[in-house]
Amino acid sequence: MTIKVCVGSSCHLKGSYDVIEAFKAVLKKYDVEDVIDLQASFCLGHCAKGVTVCCEGAEPAANGPQVEECPEGFILHNVNADNVEELFAKEIYPKLNL
């Protein structure tokens, strides 16, 4: 699975660097650094809903205010350093089937 954190102008101003650092810590905590490829990405096209994170290679559990299906997998909206672990545990980790 690939996780892409938007680092476009809007998401950068909303804390995308902190989101990347939080994801690094969470991936290490859950020992999935070798299973998930964490990347920075230029604008993902959801500037008003940033920080936006695209999870490629998995289907969402359900669509909702923070989760949106896309052709590559699903997108998480309004991600911040405080909710990274909660979103990871709820939306991403179960898709790894470990």
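About the cut-offs
- Residues numbered from 1 in each chain as written.
- Predicted model: local features only at pLDDT ≥ 70, side-chain atom pairs only at ≥ 80, totals over all residues.
- Heavy atoms only, no water.
- Pairing = 2+ DSSP bridges.
- Helix = DSSP H or I, 4+ residues; strand = E, 2+ residues; numbered from the N terminus.
- Axes fitted to C-alpha atoms, helices over the stretch in contact; angles between N-to-C directions.
- Contact = heavy atoms within 4.5 Å.
- Buried < 20%, exposed > 50% of the residue type's maximum accessible area, 1.4 Å probe, protein only.

Chemist: Whenever I open this one, the sheet that holds strand β2 (residues 37-41) confuses me. Can you help?
Modeler: Within a sheet, neighbouring strands are paired by backbone hydrogen bonds and run either parallel or antiparallel to one another. Here five strands make up an open sheet; going across it, the order is β2-β1-β3-β5-β4 and the pairing mixed. Lying at the two open borders of the sheet, with one neighbouring strand each, are β2 and β4 (67-70). Looking at each pair of strands side by side, their axes are set apart by 25 degrees on average, direction ignored. Two strands pair when backbone bridges link them, and strand β3 (residues 53-56) and strand β5 (residues 73-76) are joined in this way by four bridges, in the antiparallel orientation. In the strand pairing of β5, Cys54 is matched with Ile75. Most of the contacts of helix α2 (residues 16-29) go to strand β1 (residues 2-6), to which it runs at about 155 degrees, and overall it touches β1, β2 and β3. Across the face of the sheet, helix α3 (residues 84-92) comes into contact with β1, β3, β4 and β5 while running at roughly 155 degrees to β5.

Chemist: I would appreciate a short explanation of the environment of Lys49 in the present structure.
Modeler: With respect to the element layout, Lys49 can be found in the loop between β2 and β3. When its relative accessible area of 38% is taken as the criterion, Lys49 is described as partly exposed. Distance from Lys49 to His77, taken between C-alpha atoms, is 5.4 Å for residues 28 residues apart in sequence. In this structure Lys49 touches Lys14, Glu68, His77 and Asn78, once residues within four positions along its chain are discounted.

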